[in-house]
Amino acid sequence: MLEGIGILSLTIWVPIVAGLIVLALGGDDRNADGPRTLALIGAVLGFLVAIPLWTGFDASTAAMQFEELAPWIPAFNIRYHLGVDGISMPFVLLNSFTTVLVVLAGWVVIKTKVAQYMAAFLIQSGLINGVFAALDGILFYVFFEAMLIPLYLIIGMWGGPNRVYAAIKFFLYTLLGSLLMLVAVLYLFVQSGNSFEILVWHKLPLTMAAQLLLFVAFFFAFAVKVPMWPVHTWLPDAHVEAPTGGSVVLAAITLKVGAYGFLRFVLPIVPDASHELTWLMITLSLVAVVYIGLVALVQTDMKKLIAYSSIAHMGFVTLGFFVFNPLGIEGGLIQMISHGFVSGALFLCVGVMYDRVHSRQIGDYGGVANTMPKFAAFFMLFAMANAGLPGTSGFVGEFMVILGTIQVSFWWAAAAGLTLIFGAAYTLWMYKRVVFGPVANEQVAKLQDIDGREFIVLAILAVCVLAMGIYPLPVTEVMHASVNNLLDHVAHSKLVY
Amino acid sequence: MDMKTLYLVVPLAPLAGAIVAGLFGKAIGRAGAHTVTILGVLVSFLASLVIFQDVLAGNTFNGAVYTWLTSGDLRLEVGFLIDPLSAVMMLVVTFVSLCVHVYTIGYMADDPGYQRFFSYISLFTFSMLMLVMSNNFLQLFFGWEAVGLVSYLLIGFWYTRESAIYANLKAFLVNRVGDFGFLLGIGLVLAYFGSLDYAEVFHKAPHLADQTISLIEGQNWLVITVICILLFIGAMGKSAQFPLHVWLPDSMEGPTPISALIHAATMVTAGIFMVARMSPLFELSDTALSFVMVIGAITALFMGFLGMIQNDIKRVVAYSTLSQLGYMTVALGVSAYSVAIFHLMTHAFFKALLFLAAGSVIIGMHHDQDIRNMGGLRKYMPITWITLLIGSLALIGTPGLSGFFSKDSIILATQASDLWGSGFAAFAVTAGVFVTAFYSFRMYFLVFHGKERFHTAHAGHDQEGGKDDDHHGHHHGGHSTPHESPWVVWLPLVLLAIPSVYAGWAYIEPMLFGDFFGASIFVDSEAHPAMASLREHFHGAGAMALHALMTLPFWLAVAGVAAAWYLYLVRRDLPERIRQRAGILYTILDRKYGFDDFNDWFFAGGARLLGSRLWRWGDVTAIDGVVVNGSARVVGQLAAIVRHLQSGYIYHYAFAMIIGVAALVTWFVD
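Residues numbered from 1 in each chain as written. Chains lettered and ligands numbered in written order. Predicted model: local features only at pLDDT ≥ 70, side-chain atom pairs only at ≥ 80, totals over all residues. Heavy atoms only, no water.

A.B. asks: Whenever I open this one, the packing of helix H15 (residues 337-364) of chain B against helix H16 (residues 382-396) of chain B confuses me. Can you help?
C.D. replies: Packed helices, taken two at a time, are described by their axes: the angle between them and the distance between them. Residue and element names in this part refer to chain B. Between H15 and H16, the least distance of the axes is 9 Å, while the angle of their chain directions is 145°. Judged by the twist between their axes, the crossing of H15 over H16 is left-handed. Contacts from Phe350, Lys351, Leu353, Leu354, Ala357, Ala358, Ser360 and Val361 in H15 reach Thr384, Thr387, Leu388, Gly391, Ser392, Ala394 and Leu395 in H16. Residues that form the contact of H15 with H16 fall into these classes: nine nonpolar, five polar and one charged. (Axes fitted to C-alpha atoms, helices over the stretch in contact; angles between N-to-C directions. Helix = DSSP H or I, 4+ residues; strand = E, 2+ residues; numbered from the N terminus. Left-handed = near helix turned anticlockwise from the far one by under 90°. Contact = heavy atoms within 4.5 Å. Nonpolar A, V, L, I, M, F, W, Y, C, P; charged D, E, K, R; others polar.)

Put into structure tokens, the structure is as follows:
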């Protein structure tokens, strides 16, 4: 390990520096293997430096680990303060891991401005790690905003025909949301006696009125990112226009930032408001599961369908958070990780077909299994994981959240449980129309099965999906201490009158 | 090898076979694939035999294999419960699976998906074993869904056929409706018992017997009742009970071996097994038991009716399966759990036999499944003929054969029950005997007796819209003379025919009246005396068979056979005339009581309509149209006004800044 630089700093800066190097050296698209290889090395390095977070993690404590602290803007007491606990650590790993897959997935598919494309993903990866590792409010805010920029560029430059609309919609939606958060952060700074320390805010007594206002401010920032109904409409557009890699990162990581925000800011800082507004969060979550589940059913564009399915699955996450018990919160966290694998894999699957046929319309396919049997097998696995089949990671989170919810309310759990039917219906109906059946047209007849690169990417994800489905214990164990600590915060009122 | 290792071997051997055949099918070839999977199942079967002997000797086991996850105080484990109930199921599953594996060598001989098929059926065997060996609700649900997955994959095995991929989606979704209830039931178990471990839950159950839950304002229900009904909804999906039965007939789109294995002998009985396993819970709720019994009775009788008019050989057997599953469910409802499991076992043998024999007929008929095109086959397919006859006789309850002992016990137990609805159930299971005999022998006579119609039958067959099974990979060239199937096909028939004959009289005494099940099945004899009354009147298997000759069910069966004989061999013109006279009645049966139409229209159509309305009106119009793009428009218009503020004069800006700073300071300092 480099002297003086902590692991978390490495997970942030290694990808960013690698990205800058790729950007500086890259250029010629006709000979793009250079930047590709360089980007892959950067991504793999970024993942490797993150591994000690897992191996060296002490699951017995809820305290922040791998902490780093340095003054940044002393005038305002803004500090470069990093650290992870059992809630954030898995996401740093997930993000670093996904970056490797995304670089691989874009290998030969992206043909224009290759270096810039790869660089954007690397830089974004570092910034997102920053979001999960930041313990200083302003630092968090900076990473939170900055990570939008690469994604905005990815959609805007390598996206589909309607990319500009989608990119701007995405950007404005999320930016508007986070502006309110800035106000909240400044307010907390003043209230806490000039501290931007998130952990200090966790202990800060607040009046109910202040808590409610802060809740609303944070809610907009994070709900847009999750996204929760009804501020979700940017997501399907962004997904449809984004290149495959963009969709993967968007689904696997970016959405998680919003959900993470609820755990890091909302629940511990404004616990009383959280209890007060539980009805709102639960209602919106259940609307996401039921309403969005039905909407997903009628989509004709595969990416849109998976995007809506993402919203429904994220509804489970917020539902689990706001039932305030270990099963719910850990189930929500597991669901976040699993959704990273599963939706990422599904977008990659759509990408595999899109690269060959250049269409995302379900109607343009049919009988893909005839020409791409290996691909069909992978797609089946991920479709089943999306439908929450036991033995896959998709089951674990949903199961835990439903079990957690039913302890609070039978009918909430029943509404959430509908996903068993809806999730299977929209996923498998799409699968049936795309993969099963006789060969539908000449395009499908000419399809080539997945090549070695695609096989490796999908196989890695398949292993993750199955491993987490069969043996989720290691993942839940790292969370226990932090989740229990969080629940402790939530259970204790910090109202002042 | 110690027993614990052996327990692991039982499910893992088929899993290993499935993985090898599935991932390396191309490398090991066809012979390699069937060798490795059959070896896996054979090992599993032999291990099950050893375990069965061990259980008979009084050794049971209940323990964890590994911890799946922990959360809060909760610890969810994967583990095994080996007791008489699971030992019987393991034997039945592995034995039928072994027969089906061997049979598949012949049946799928020309299919390009040979290795894939073997991989699937071995995977199924693994999943089913995990289900029956489980010692907790989580793993039960895992196996429950896993068998559903394999069923889905196998119904849609010929994935280029529209009817097959329609049927498999339907099967999965209908099962998911059941699983929805099942999962909520499991959730309530956890919420009230604080554990998902069988032993712990059953231990606590009596203490929670009086606890109520209020799901609807002002209505208090027993927690146990709600839990049992929710769990049973799961069973209704998996064991195809009315009104979730609709998927099973369509599942016949799958290759015949899996119809025998999954959709007759094992998977569809998972629901029956589950309720029997949960007997300590169901015994606490008369309401739930009545519910179970009535649902079972409806299924037993009304699904039998549908079997009477089917012309596709597999569909006759499929409706018969539905009806027999109804019988088992009735047995559960009258607290005769051991009888239900007994019928499950005998049914597994003779129904797998019937399906495999039907498959043999289908091979002999060059993949024509319409029984109206058959006739006189006994000359050409003697082994299939005899074995199918044995299966049919067992099914209709011929005294002495296996089906008689199990089914007659169900009828007797139902008559002895005094729960709400038992009168109807007793009527349904008794009347069902006539129906069973009629459809079974209608099929039997049409296939094996009478005029040979296969030379001239092509026209009629085409009218039926080509409901034939497996022309995939086979050529459908004209109707040559039928022929007996190869030994890999008829050997399993013979193997299954043996227990179809003797398993009844050999095992009725220990399984029903002895101490065989021990503590694995719990009956509250005070409240539900049906079993006790049965035991009182039982004086040996021989006496039971003799006595039956003087009872109504026997004569109903005789009447059913006679009616089939008269209508389909003597007066061939009558069925058509009855059909025309029956008019509306026939239409109702032909439309399967309208369930499919209703489901398609209401649930499938309704969900799609609702989805597209929500999307168009909610997302596109309201949220995006009005709020998002609307606010963009408003911003645009505002900007047109605000633009005037950008005057370019420094003092305007400076003034604005001062006001802003003043406002901020006021706010912060406040």
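A.B. asks: When you look at the confidence of the model for chain B in this model, what are you seeing that I'm missing?
C.D. replies: Regions with low pLDDT carry predicted coordinates that are not meant to be interpreted in detail. All names here are of chain B. Looking at chain B as a whole, the pLDDT averages 85, with 95% of positions reaching at least 70. Here residues 459-478 scores under 50 on pLDDT; set against residues more than four positions off or in separate chains, the count is 44 contacts. Here the predicted complex scores 0.90 on pTM and 0.90 on ipTM. (pLDDT = per-residue confidence, 0-100.)

A.B. asks: How do you make sense of the pattern of salt bridges when you look at a structure like this?
C.D. replies: Should their charged atoms come close, side chains of opposite charge can pair. All names here are of chain B. All told, the structure shown has 17 salt bridges over all chains when counted by the stated rule. The residue Lys170 makes a salt bridge to Asp596 at a minimum N-O spacing of 2.9 Å. In this pair, Lys170 sits in helix H6 (residues 162-193) while Asp596 sits in helix H26 (residues 595-642), placing the two residues 426 residues apart along the sequence. This pair shows no difference in class: Lys170 is buried, exactly as Asp596 is. Residues Arg591 and Asp597 are paired through a salt bridge, measuring 2.9 Å at the closest nitrogen-oxygen approach. It is possible to trace a salt-bridge network through shared partners that takes in Lys170, Asp250, Arg315, Lys592 and Asp596. (Salt bridge = Lys/Arg side-chain N within 4 Å of Asp/Glu carboxyl O. Buried < 20%, exposed > 50% of the residue type's maximum accessible area, 1.4 Å probe, protein only.)

A.B. asks: Can you help me understand unusual backbone geometry in this one?
C.D. replies: Outside of glycine, negative phi angles account for most residues, and trans bonds account for most peptide bonds. A cis amide bond links Val226 of chain A with the next residue in sequence, Pro227 of chain A, at an omega value of -15°. Structurally, Pro227 of chain A is set in the loop between helix H9 (208-225) and helix H10 (234-241). Its identity is not glycine, yet Asn77 of chain A carries a phi of approximately 60°, on the positive side. Counting through the fold element by element, Asn77 of chain A comes out in the loop between strand E1 (65-73) and strand E2 (78-84). We classify Asn77 of chain A as partly exposed; its relative accessible area is 33%. With phi around 50°, Ala240 of chain B is a residue other than glycine that occupies positive phi space. Within the fold, Ala240 of chain B resides in the loop between helix H8 (223-238) and helix H9 (247-250).

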